[in-house]
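# A look at the structure
Here's the letter readout for the chains.
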Amino acid sequence: MPKSKSKSKSKSKSKSKVTIGHVFKTIVWPRKKLLFIGLVLIIISRLAGLVPPWATKPFMDEILVKKNMHMLPSILIGVTVAILIQAITSFLLTKLLSVEAQHLISVLRSRVQQHLLRLPTRFFDDQKSGALVSRVMNDVEGVRNLVGTGLVQLIGGVLTAVISIIFLIKISPLMTLFVLLPMSIFGLITLKAFSIIRPVFRERGKITADVTGRLTETLNGIRVIKGFNAEPQEVKVFEAGVEKLFLNVKKSLTSTSFVTSSGTFLVGLASVGIMGLSGYFNLTAGDFLQFTMFMVFMIAPIVQMSNIGSQLTEAFAGLDRTEELMNIPVEDDPLHRTEKIGLIKGEIIFNHVSFAYEEGKTVLNDVSFQAPEGSVTALVGTSGSGKTTIAGLAASFLNPASGTITVDGIDLSKIALNSYRSQLGVVLQDDFLFEGTIRENILFPRPQSSNEELLQAVKAGYVDEFTSRFEAGLDTVIGERGVKLSGGQRQRIAIARAILANPRILILDEATSNLDTESESLIQESLRTLMRGRTTFVIAHRLSTIRQADQILVIENGQIAEHGKHDELITKKGRYFELYTYQARI
Ligand code: ADP
């Protein structure tokens, strides 16, 4: 059986390793009743399985040699009943344990997905979504072998082997020794092989996730790839990934096939020894046959165990990786985020806030400003200056490295995220719409809203302007399998969604793409409705928005270079004036 003894020289320094004890406590023990029933079933099945080899001796010696025919019916009935019991128990085993294993897989998948969604947005910056999909879906699959028949088979196998050994010793201790010796060598080889295979399986999960991740990205970015004629490049990358996967599988195949072959060889060796010895000791035909049959019954589970061992190794490798993910701390840490806030007014203050994505590379440096309740703060500045980072901090997606952000005077880093985010609305440039109807897309932050509220939001976002032209109206399906919308239409759905959510704080990233003038003016209009009365941070690209803002923050190299209203800043003829005249010129 595989042991989780960690080889310290392996590269898993910071990686968590699942121990047998931990898995036993969390996965096996809670299902002890079921597994116990499984164990009883397997014991019955294995005991029944011993009847046919046991029956060979009376059959040979009494029936074939001595012709005691009156014993034949009872032998035949006994063997038939035993076979029937085996069939029934194995059916029940699968029904009980395999079903429970599948249930556990779905429970674990949900748990991992839940945890994943609670991780900070920063975590997702460095991850391929396809790889995460693979981790949620594939890595937990292994438990099938723990709870399913794997573990029980293993215990049943040990049991059969032990009982068989007792019978073998009874027939001939010396011959038994001849069987046990090669089998012990086989056991050692198996153990060694599994300690080699476990990291290989672990690596396989990672490679699979990488390859899946890249493929997902390729498919998502198909337009860019075709546009730049980059298909050969993608084919090459994918081929390399698949090749890596192949090499990994090859490595584990070599180990497992070595185990199987050495098993076959050593079993053969034992048989030769037995043949020789039984000739030497003058065994009866029945004794020889019975001995050989029991030997097979002892060896078969041991060989089978090597198979189960490989399944269990795979299970542990998968659980290792799942555990690694589950150990990443969630963003809404209840120990630190203790303040549960009610309805807020929405005054946000940045006090000497600094921030770095990577240590030593400061992105924001000593940013201080106030955003009064219901005000609009426009963030302007060149690309990479830090506008998105400021918005991310205000949205609590990021936490300041130093300094504080307060909401109505309460430190944002202490506020329970649920209570803050439920009052937050985010409208991004390329806003996220999912497969489904327009209605579902607008309703998704507030699924319980009344139809009236929905229609109000639809009107305010000027969504009805185009949905009225669709036959199914708001129930028109959008996305891959539905109607394709223009950029402006998507924006308006996102705005209607935010209006329906009715947040106190609003984060807006204005679209940079050029919209047709009609769309543009409708969007302007709906944005005005959306911003009214809410504390808004807008990464502003449109002059009209900037002009109307209560305050403009000109961000430069992670600092506030200028601060004021449009007219003030124009008069000042500083950095804002430069940006403004530059933009006006183009
Ligand atoms: P802006 O919104 O003004 O274009 P950002 O706030 O997005 O600027 O970025 C500010 C700086 O932070 C840039 O230098 C950018 O490269 C860096 N940055 C942004 N996001 C990340 C990230 N996830 N990891 C590391 N660096 C980042």
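Keep in mind the model is a prediction, meaning the values are calculated, not measured. (Residues numbered from 1 in each chain as written. Predicted model: local features only at pLDDT ≥ 70, side-chain atom pairs only at ≥ 80, totals over all residues. Heavy atoms only, no water.)

## Some remarks on unusual backbone geometry
Even without a glycine there, the phi angle at D408 is positive, about 50°. Relative to the helices and strands, D408 is located in the loop between β4 (402-407) and β5 (410-411). We classify D408 as partly exposed; its relative accessible area is 26%. Positive phi outside glycine occurs at N502, with the angle close to 50°. (Helix = DSSP H or I, 4+ residues; strand = E, 2+ residues; numbered from the N terminus. Buried < 20%, exposed > 50% of the residue type's maximum accessible area, 1.4 Å probe, protein only.)

## Describing the layout of surface pockets
For the largest pocket, the calculated volume is near 1,500 Å³. Of all the secondary structure elements, the ones that give two or more residues to the lining of the largest pocket are α4 (121-125), α12 (387-394), α13 (417-421), β6 (424-427), α17 (487-501) and β9 (505-509). Its residues placed into classes, the lining of the largest pocket shows 19 nonpolar, 7 polar and 9 charged. Looking at the lining of the largest pocket, you find at least three residues from each of domain 1 (20-326) and domain 2 (431-502). (1 Å grid on protein atoms, 1.4 Å probe; cavity = no way out; pocket = protein on both sides within 12 Å on 5 of 7 lines; lining within 4 Å. Points joined across faces, edges and corners; volume = space filled by probe spheres on them. Nonpolar A, V, L, I, M, F, W, Y, C, P; charged D, E, K, R; others polar. Domains from an automatic or database assignment.)

## A short note on the packing of helix α5 (residues 129-137) against helix α8 (residues 173-220)
At a minimum axis separation of 6 Å, α5 and α8 run at an interaxial angle of 135°. One finds that α5 runs oblique with respect to α8. Note that α5 runs across α8; the crossing there is right-handed. Between α5 and α8, the contacting residues are G130, A131, S134 and R135 on the first element and T208, A209, D210, T212, G213 and T216 on the second. For the contact of α5 with α8, the class distribution of residues is 2 nonpolar, 6 polar and 2 charged. (Axes fitted to C-alpha atoms, helices over the stretch in contact; angles between N-to-C directions. Parallel < 35°, antiparallel > 145°, perpendicular 65-115°, else oblique. Left-handed = near helix turned anticlockwise from the far one by under 90°. Contact = heavy atoms within 4.5 Å.)

## Structural notes on the packing of aromatic side chains
All told, the structure shown has 9 aromatic pairs when counted by the stated rule. Between F123 and F124, the aromatic rings sit 5.1 Å apart at their centres with planes inclined by 85°, giving edge-to-face as the arrangement. Here the aromatic rings of F466 and F470 are separated by 6.0 Å at their centres, their planes lie at 70°, and the arrangement is edge-to-face. The class for F470 is partly exposed, based on a relative accessible area of 22%. An aromatic cluster of three or more residues is present, and its members are F350, F369 and F537. (Phe/Tyr/Trp six-rings, centres within 6.5 Å; stacked < 30°, edge-to-face > 60°.)

## Thoughts on a nonpolar patch on the surface
A cluster of nonpolar side chains, contributed by F36, V40, I44, I77, V81 and I85, occupies part of the molecular surface with about 510 Å² of accessible area. Sorting the residues of the nonpolar patch by element identifies α2 (32-65) and α3 (72-117) as the ones contributing at least two each. Looking at the element boundaries, V81 is found in helix α3. (Patch = residues over 30% accessible without salt bridge, like charges linked within 9 Å, V, L, I, M, F, W, Y side chains within 5 Å. Areas by Shrake-Rupley, 256 points an atom, 1.4 Å probe, with all protein chains shown as cover. Salt bridge = Lys/Arg side-chain N within 4 Å of Asp/Glu carboxyl O.)

## Structural notes on the side chain of S354
Among the secondary structure elements, S354 is positioned in strand β1 (residues 348-358). Within polar-contact distance, the side chain of S354 engages the backbone nitrogen of D366 at 3.0 Å. Among all residues touching S354, those that are not within four sequence positions of it are L364, N365, D366, P400, A401 and S402. (Polar contact = N/O pair within 3.5 Å; in protein donor to acceptor, adjacent residues only side chain to side chain.)

## Overview of the domain arrangement of the chain
Taken domain by domain, the chain consists of domain 1 (20-326) and domain 2 (431-502). Spacing between the C-alpha centres of domain 1 and domain 2 amounts to 51 Å.

## Examining the packing of helix α15 (residues 451-460) against α17
Interhelical geometry of α15 versus α17 gives an angle of 135° and a closest axis separation of 8 Å. In terms of orientation, α15 lies oblique with respect to α17. The element α15 and its partner α17 pack so that their crossing is right-handed. Contact with α15, carried on its side by E453, L454, A457, V458 and A460, involves A496, I499 and L500 of α17 and no other residues of that element. In terms of residue class, the contact of α15 with α17 is made up of 7 nonpolar, no polar and 1 charged.

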